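The residues making up each chain are set out below.
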Amino acid sequence: MRVIFNESLSPYFNLAAEEYLLERGEGSAFMIWRNGKSVIIGKNQNAYAEVDASFCEKNAVKVVRRLTGGGAVFHDPGNVNFSFVCDDCGEGINFLPYVEKICKALRAFGVEAAPNGRNDIEAGGAKISGNAQCVHNCADGRKRLLHHGTLLFSADMSALEGALRVGPDKMESKGIKSVRSRVANIRDIEGYRGPADPLGFARELCRLFSGEAEELSLSEKADIEELACKKYSKWEWNYGESPRFSVERKRRFSYGSVEIGYTSRKGIIEDAGITGDFFALSDVGVLSERLRGKALRKDSLRAALSDVGDYIHGAKAEEIIKLIVEG
């Protein structure tokens, strides 16, 4: 496995680097990286609903859309991020093998870390890592898998409140106070033994996966910069990918929140968009296209959503149909 230490703090560059390794890479790779102040939103999320754009602009917080699903997260240099990139083995969304590798590495620092929930890592009763995953269809026909996550090392938790909008359903199940109490920085966990600074921690983490990590080559950096400029730094990707809608239905399920917005005329759906912090097995834009022209009736929607579980991990057709029709 190729182990890469990426020193860039640009979220545009770093997310482009992940796509580059997916598209152009061969075999498996593990990359450690950090971002400057930024909000990283899931591929299927509505940026306008998740992010306080005014706050981000005033405080130089960049907003960047990633390739994986899941919810919006705040990054700063106190977060140490990791990415696993490999060929898809046909297992679909499966967090455990990668989460366990990270837990094993954290134990080497004296942190008794363990998987918790659908995509978290906890230690000392607090969340220290969130993870996301996707299967990427490469231009050459290959399927590659990306699993990445963030490790809270010395993050500025107070920045979360201003940058991220918290929806009413999340406020109810994850109120501000409970979020504060259950999230912790690794360096503050009892038993931690390791570097006191995030850069030193990142380097040591790399060494646990490889005797000596390598940097991206100059040619790779040039190609990644080009992708960052053309895609990840653009409004069209970060905000423009958010769907337009006139009616909004939103509900939180065990596999994440699902938000469906649509415009309709005379009971017929003219346009639709599906967002949320769920994990997508395939492009949910396919489902949005299928909904166009369908009547707002359960029997009309069943044909379009019969295989919804093949797109939204864990979803069932009847609950999504009920969400559209009844709210």
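Residues numbered from 1 in each chain as written. Predicted model: local features only at pLDDT ≥ 70, side-chain atom pairs only at ≥ 80, totals over all residues. Heavy atoms only, no water.

If you walk through the whole model with that rule in mind, you get 13 aromatic pairs. Look at Phe 153 and Tyr 192: their rings are 5.8 Å apart centre to centre, the planes differ by 75°, and that puts the pair in the edge-to-face class. With a gap of 39 residues between them, Phe 153 in the loop between strand S10 (143-152) and helix H5 (159-163) and Tyr 192 in the loop between helix H7 (176-182) and helix H8 (198-209) connect regions that are remote in the sequence. On the basis of relative accessibility, which here comes to 0%, the residue Phe 153 falls in the buried class. Following the ring pairs from residue to residue traces out a cluster consisting of Phe 30, Phe 82, Phe 84, Tyr 98 and Phe 209. The cationic tip of Lys 231 hangs over the ring face of Trp 237; the distance from NZ or CZ to the ring centre is 4.2 Å. (Phe/Tyr/Trp six-rings, centres within 6.5 Å; stacked < 30°, edge-to-face > 60°. Helix = DSSP H or I, 4+ residues; strand = E, 2+ residues; numbered from the N terminus. Buried < 20%, exposed > 50% of the residue type's maximum accessible area, 1.4 Å probe, protein only. Lys NZ or Arg CZ within 6 Å of the ring centre and 35° of its normal.)

For the rest of this paragraph, the subject is the confidence of the model for the protein chain. Mean pLDDT over the protein chain stands at 88; residues scoring 70 or higher make up 93%. Mean pLDDT in the protein chain bottoms out at helix H6 (residues 168-173), which sits at 39, and peaks at helix H9 (residues 218-232), which reaches 98. Considering only residues more than four positions removed or in separate chains, one finds that residues 168-181, a stretch of pLDDT under 50, has 15 contacts. (pLDDT = per-residue confidence, 0-100. Contact = heavy atoms within 4.5 Å.)

Ordered by their spatial adjacency, 3 strands build an open sheet running S11-S12-S13, and the pairing between neighbours is antiparallel. Edge positions in the open sheet fall to strand S11 (247-253) and strand S13 (268-276), since each of these has one partner strand only. Strand-to-strand twist of the sheet, defined as the mean angle between neighbouring strand axes without regard to direction, takes the value 20°. Both S11 and strand S12 (residues 256-265) contribute to a ladder of 7 bridges, which runs antiparallel. Bridge assignment links Arg 252 to a residue of S12, and that residue is Ser 257. (Pairing = 2+ DSSP bridges. Axes fitted to C-alpha atoms, helices over the stretch in contact; angles between N-to-C directions.)

Where a protein is soluble and globular, its nonpolar side chains tend to be buried together. If you look at the biggest cluster of nonpolar residues, it comprises 37 residues, and the most contacted ones within it are Ile 32, Leu 106, Val 111, Ile 128, Leu 151, Ile 186 and Phe 201. Those elements that place two or more of their residues in this core are strand S1 (2-5), strand S2 (29-33), strand S6 (79-87), helix H4 (96-107), strand S8 (120-123), strand S9 (126-137), S10 and H8. The element contributing the most residues to this core is H4, with 6 residues. Aside from chain neighbours lying at most four places away, what touches Leu 151 is Gly 78, Asn 79, Val 80, Phe 82, Ile 102, Leu 106, Ile 128, Ser 129, Ile 186, Phe 201 and Leu 205. In terms of nonpolar packing, the next biggest core, distinct from the first, is built from 25 residues, Val 258, Tyr 262, Leu 305 and Ile 324 among them. (Core = buried A, V, L, I, M, F, W, Y, C linked by side-chain atoms within 4.5 Å.)

Attention shifts here to the side chain of His 147. Topologically, His 147 is positioned in strand S10. Of the residues examined, His 147 reaches a relative accessible area of 0% and is grouped as buried. A distance of 2.7 Å separates a polar atom in the side chain of His 147 from a polar atom in the side chain of Gln 133. Ignoring sequence-local partners within four residues, the contact set of His 147 consists of Phe 82, Ser 83, Phe 84, Phe 95, Tyr 98, Val 99, Asn 131, Ala 132 and Gln 133. (Polar contact = N/O pair within 3.5 Å; in protein donor to acceptor, adjacent residues only side chain to side chain.)

Attention now moves to the pairing of S2. Across the 5 residues of S2, 5 count as buried, placing the element largely inside the fold. Side-chain alternation along S2 places Ala 29, Met 31 and Trp 33 on one buried face and Phe 30 and Ile 32 on a second face that is also buried. Taken together, S1, helix H1 (residues 11-24) and S2 form a β-α-β motif whose crossover is right-handed. Sheet analysis places S2 next to S6, joined by 5 bridges and oriented antiparallel. By the bridge assignment, Phe 30 is partnered in S6 with Phe 84. (Right-handed = clockwise from strand over helix to strand, strands pointing away.)

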